[in-house]
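Notes for the structure review
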Amino acid sequence: MEAKSNFRVRVMKYAHYLNKTTNDCWRVCIIKAWQLYRLAKRMRTGVVSFYYYKTDGSVRHAKGTLQNVPVGATLKNGKKMTKPSYKTLAYFDVDKQSFRCFKVENLITVA
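Residues numbered from 1 in each chain as written. Predicted model: local features only at pLDDT ≥ 70, side-chain atom pairs only at ≥ 80, totals over all residues. Heavy atoms only, no water.

1. Considerations on helix 2 (residues 26-43)
With 18 residues, helix 2 extends 26 Å from end C-alpha to end C-alpha; this agrees with the ideal 26 Å at 1.5 Å per step. When helix 2 is considered as a whole, its buried residues turn out to be Cys 29, Ile 30, Lys 32, Ala 33, Leu 36, Tyr 37, Leu 39, Ala 40 and Met 43. (Helix = DSSP H or I, 4+ residues; strand = E, 2+ residues; numbered from the N terminus. Expected span 1.5 Å × (residues − 1). Buried < 20%, exposed > 50% of the residue type's maximum accessible area, 1.4 Å probe, protein only.)

Take a look at the structure:
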């Protein structure tokens, strides 16, 4: 039963963070939180195409996965993957062959 409630906790934490940072209405935040959850879930089973705003404001089309991440793959500066954050979403970019992340409020759409 623990695993069933775990995904709801993750979605609600995303929604609360989005509400705090964007000041969007709760409905918009909860929709985006579910979109983030579904994106991460799909990336655990294969490659997913999605779009998000980079920090410089440009739009990035990414193809990412969390499945079969190469052994020894690390984040920048040799840091290992850490516990999940509700501020960013990390993924393995299949085009660049390295880990990337983006701010959750910058997700545009999942293709």
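2. Focus: the nonpolar core
Membership of the largest hydrophobic core comes to 22 residues, with the highest contact counts inside it found for Leu 36, Leu 39, Phe 50, Leu 89 and Phe 102. Put simply, the parts of the chain that give this core at least two residues each are helix 1 (2-22), helix 2, strand 1 (48-53) and strand 3 (88-93). Setting aside residues no more than four positions away along its own chain, Phe 50 makes contact with Leu 39, Met 43, Arg 60, His 61, Ala 62, Gly 64, Tyr 91, Phe 102, Leu 107, Thr 109, Val 110 and Ala 111. (Core = buried A, V, L, I, M, F, W, Y, C linked by side-chain atoms within 4.5 Å. Contact = heavy atoms within 4.5 Å.)

3. Digging into the packing of aromatic side chains
Taken as a whole and judged by the stated rule, the model has 11 aromatic pairs. Relative to Tyr 37, the ring of Phe 7 has its centre 5.7 Å away and its plane inclined at 35 degrees; by these criteria the two rings are tilted. With a gap of 30 residues between them, Phe 7 in helix 1 and Tyr 37 in helix 2 connect regions that are remote in the sequence. Residue classification places Tyr 37 among the buried residues on the basis of a relative accessible area of 13%. In textbook terms, an aromatic cluster arises when at least three aromatic residues are bridged by ring pairs, as seen for Phe 50, Tyr 52, Tyr 91 and Phe 102. (Phe/Tyr/Trp six-rings, centres within 6.5 Å; stacked < 30°, edge-to-face > 60°.)

4. Quick word on a nonpolar patch on the surface
On the surface, Tyr 51, Tyr 53, Val 59 and Ile 108 cluster together into a nonpolar patch covering about 340 Å² of accessible area. A residue is classified by how much of its surface remains accessible, and Tyr 53, at 40% relative accessible area, is partly exposed. (Patch = residues over 30% accessible without salt bridge, like charges linked within 9 Å, V, L, I, M, F, W, Y side chains within 5 Å. Areas by Shrake-Rupley, 256 points an atom, 1.4 Å probe, with all protein chains shown as cover. Salt bridge = Lys/Arg side-chain N within 4 Å of Asp/Glu carboxyl O.)

5. What to know about the pattern of salt bridges
Inspection of the entire model under this criterion finds 1 salt bridge. One salt bridge connects Asp 93 with Arg 60, and the closest N-O pair in it is separated by 2.1 Å. Taken as a pair, Asp 93 in strand 3 and Arg 60 in strand 2 (residues 59-65) lie far apart in primary sequence, 33 residues in all. When its relative accessible area of 17% is taken as the criterion, Arg 60 is described as buried.

6. Description of unusual backbone geometry
Positioned with a positive phi, Asn 23 is a non-glycine residue whose angle comes to about 60 degrees. By the element assignment, Asn 23 lies in the loop between helix 1 and helix 2. Look at Asn 23 and you get exposed, because its relative accessible area is 67%. Phi at Gln 97 takes a positive value of approximately 55 degrees, unusual for a residue other than glycine. Inspection of the secondary structure puts Gln 97 in the loop between strand 3 and strand 4 (98-103).

7. So, the side chain of Thr 65
Position of Thr 65 among the secondary structure elements: in strand 2. Its relative accessible area of 6% is what places Thr 65 among the buried residues. Among the polar contacts made by the side chain of Thr 65, one reaches the main-chain amide nitrogen of Gln 67 at a distance of 3.0 Å. Apart from the residues within four sequence positions on either side, Thr 65 is in contact with Met 43, Gly 46, Val 47, Tyr 91, Phe 92 and Val 94. (Polar contact = N/O pair within 3.5 Å; in protein donor to acceptor, adjacent residues only side chain to side chain.)

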